[in-house]
Amino acid sequence: MEFRAATRHTACHPTADRTMNELLAAYRYTSNNHAQIEASKVCGCCNCVEIFRPDEIVGWTGLTVQDMDDPKAIGRQTAMCPRCGSEAVLGDGCGFPINAGFLARMNEAWFQRTMIHRPAPKKS
Ligand SMILES: [Zn+2]
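The shown structure was predicted, so the numbers you read here are calculated from the model rather than taken from an experiment.

Student: Describe the overall build of the protein chain, listing the residues and the values that go with them.
Tutor: Each helix and strand counted, the protein chain has five helices and five strands in total. Going from the N terminus to the C terminus, the protein chain shows its helices and strands as α-α-α-β-β-β-α-β-β-α. Relative to its full complement of 124 residues, the protein chain shows a buried share of 22%. Taking contacts inside the protein chain between residues at least 6 apart in sequence as the whole, the part at least 24 apart equals 68%.

Right under this line is the structure:
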């Protein structure tokens, strides 16, 4: 009851905000994540919300002809989802739980972020 009274006096939704921050924090693990995914047992995609094993990932982006033999550059590659091809893959090696519920919340935030960062249509 005390908890309920306290939340009613809060202007916004602190729990929701904290969750969103957590989701945003997880985003940095969706890019340059080769090394982290190598250390993961299970991976999930924020775009299609599928869960898969790291060794199912066959597509990586970020290597150039100049640094394709550089181990550091290889570790900074970005995983592509084996299901939908999006660069939206998270591994459990990042410390976030990879399960259906978490991915569903990441998916919501993913599309929100995509909308925020989508460039304005060019005026012709
Ligand atoms: Zn996917």
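Moving on from the coordinates now.
Student: Describe in detail the nonpolar core, supporting the description with residues and values.
Tutor: C43, C46, A88, V89, L90 and M106 are the most contacted members of the largest nonpolar core, which totals 17 residues. Elements with a contribution of two residues or more to this core: α2 (14-27), β1 (43-45), β5 (89-91) and α5 (100-117). Of all the elements, α5 adds the most residues to this core, at four residues. If near-sequence neighbours (up to four positions away) are discounted, M106 is found in contact with L23, A26 and C46.

Student: Pulling in residues and values, what's your account of the sheet that holds β5?
Tutor: Spatially, three strands are ordered β2-β1-β5 in an open sheet, and the strand pairing comes out antiparallel. The open sheet has two edge strands with one neighbour each: β2 (51-52) and β5. Of the pairings in the sheet, the one linking β1 to β2 comprises two bridges and is antiparallel in character. Paired with C43 across the strands is F52, a residue of β2.

Here is what the cut-offs are and how they apply
- Residues numbered from 1 in each chain as written.
- Predicted model: local features only at pLDDT ≥ 70, side-chain atom pairs only at ≥ 80, totals over all residues.
- Helix = DSSP H or I, 4+ residues; strand = E, 2+ residues; numbered from the N terminus.
- Buried ≥ 20, exposed ≤ 12 C-beta atoms within 10 Å, placed from the backbone.
- Contact = placed C-beta atoms within 7 Å.
- Core = buried A, V, L, I, M, F, W, Y, C linked by C-beta atoms within 7 Å.
- Pairing = 2+ DSSP bridges.

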